[in-house]
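Chain by chain, the residues run as shown.
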Amino acid sequence: SPANVSTSTSGAGGMLMGTALDKSGSKTSAPRDASKSAAGQDDGAGRTSSGHASDREASRAAAGAQALHSAIASLRQALQSMPEIAELSRNIVIEQTKEGLDISLMDEQGRSMFPEGSIRPYERTRLVLNALAPTLRKLPNRLSVTGHTASARPGSVPAVDPWSLTTGRALAVREILSGAGLPNDRFASVSGKADTEPVFLDNPYVPQNRRVRITLLNEEPPLPPGPLR
């Protein structure tokens, strides 16, 4: 399978949330029992407000989990439909994190996504991004794009400033996705982290630390414009 999917359940578990409407219906106008606590007042039908809140949270969690599985399935299908990038199966990692759903384009030993020291990706990397773009366009989440690199080994000097390199690579990925149809307002941030956040903390020099991470942010949708009340 061209995409490795982590089964990690770290984070809040609210992936792709924020689109479900509350359809619990109107509440009874019967007087409330003053003896009930504010957190669990009777709604007149043998249920409490805390019970309604729990039901809503459960519904949101279920909707979020379903949306997450659908998103992963769609991304995997997009990659599987392109046999010409099958060799990159170990370079593409999809996993759930506390921030959202991460899609990492990661270097492997002997196979890189960018030429050494360059901010311009290989053509195979461009093909991957163009394959992912239609699915990303359909999802409601905003995106962040973050570049990372490996640390230089002791005694060596990087040919390119790592901050400029990782920022340039993140910008190049954003440019390709934008050219493939993602609107500018879908991008929440584009940044470079140099070598400050390695995947392998005990070995910051390995190729897998060189990556560009596209995150479908786990966030509530913005409120519609209008006066505050």
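How each quantity is defined
- Residues numbered from 1 in each chain as written.
- Predicted model: local features only at pLDDT ≥ 70, side-chain atom pairs only at ≥ 80, totals over all residues.
- Heavy atoms only, no water.
- Helix = DSSP H or I, 4+ residues; strand = E, 2+ residues; numbered from the N terminus.
- Buried < 20%, exposed > 50% of the residue type's maximum accessible area, 1.4 Å probe, protein only.
- Contact = heavy atoms within 4.5 Å.
- Areas by Shrake-Rupley, 256 points an atom, 1.4 Å probe, with all protein chains shown as cover.
- Phe/Tyr/Trp six-rings, centres within 6.5 Å; stacked < 30°, edge-to-face > 60°.
- Lys NZ or Arg CZ within 6 Å of the ring centre and 35° of its normal.
- Expected span 1.5 Å × (residues − 1).
- Bend = angle between axes of the 7 residues up to and from the residue.
- Polar contact = N/O pair within 3.5 Å; in protein donor to acceptor, adjacent residues only side chain to side chain.
- Core = buried A, V, L, I, M, F, W, Y, C linked by side-chain atoms within 4.5 Å.

### So, the overall build of the chain
And then number 1: Along the backbone of the chain there are three helices and six strands.
And then number 2: N-terminal to C-terminal, the α/β element order of the chain is β-α-β-β-α-β-α-β-β.
And then number 3: Here the chain, with 229 residues, has 38% of them falling under the buried criterion.
And then number 4: Across the chain, the fraction of contacts at a sequence separation of at least 24, relative to all contacts at a separation of at least 6, is 74%.
And then number 5: Accessible area of the chain: about 12,900 Å², with a carbon and sulfur share of 52%.

### Here's the deal with the environment of Arg111
And then number 1: Looking at the secondary structure, you find Arg111 in the loop between β3 (100-106) and α2 (123-138).
And then number 2: Along the primary structure Arg111 and Pro207 are separated by 96 residues, whereas in three dimensions their C-alpha atoms are 9.1 Å apart.
And then number 3: Beyond its immediate stretch of four places on either side in the chain, Arg111 contacts Glu87, Leu88, Asn91 and Arg124.

### A few points about the packing of aromatic side chains
And then number 1: Under the defined criterion, the tally for this structure stands at zero aromatic pairs.
And then number 2: It is Arg124 that lies over the ring of Tyr122; its NZ or CZ is 4.3 Å from the centre.
And then number 3: Sitting above the plane of the Phe187 ring, Arg174 keeps its charged end 5.3 Å from the centroid.

### Observations concerning α2
And then number 1: Between its first and last C-alpha, α2 extends 24 Å over 16 residues, near the 22 Å set by a 1.5 Å rise per residue.
And then number 2: Taken as a whole, α2 carries its principal kink of about 35° at Leu132; the proline Pro134 stands between one and four residues after it.
And then number 3: The complete set of buried residues in α2 reads Thr125, Val128, Leu129, Ala131, Leu132, Ala133, Thr135 and Leu136.

### Some thoughts on the side chain of Thr166
And then number 1: Inspection of the secondary structure assignment puts Thr166 in helix α3 (residues 162-179).
And then number 2: The exposure class of Thr166 is buried, given its relative accessible area of 1%.
And then number 3: Reaching out from Thr166, the side chain makes a polar contact with the backbone oxygen of Trp163 at a distance of 3.3 Å.
And then number 4: Reaching out from Thr166, the side chain makes a polar contact with the backbone nitrogen of Ala194 at a distance of 3.1 Å.

### Side note on the nonpolar core
What tends to happen in soluble globular proteins is that the nonpolar side chains get buried as a cluster.
And then number 1: In this structure, Leu101, Ile103, Val128, Leu136, Val173 and Leu177 are the most contacted members of the largest nonpolar core, which totals 34 residues.
And then number 2: For this core, the secondary-structure elements that each account for two or more residues are α1 (49-80), β2 (92-96), β3, α2, β4 (143-148), α3 and β6 (211-217).
And then number 3: Looking at this core, the element that brings in the most residues is α2, giving six residues.
And then number 4: Non-local contacts of Val173, meaning those with residues more than four positions away in its chain, are made with Phe114, Leu129, Val145, Val212 and Ile214.

### Remarks on the environment of Pro162
And then number 1: On the secondary structure map, Pro162 appears in helix α3.
And then number 2: When the C-alpha positions of Pro162 and Asp195 are compared, they lie 7.0 Å apart, and in sequence the two are 33 residues distant.
And then number 3: Aside from chain neighbours lying at most four places away, what touches Pro162 is Thr149 and Ala194.

In short, shape yes, function no, at least from these values alone.
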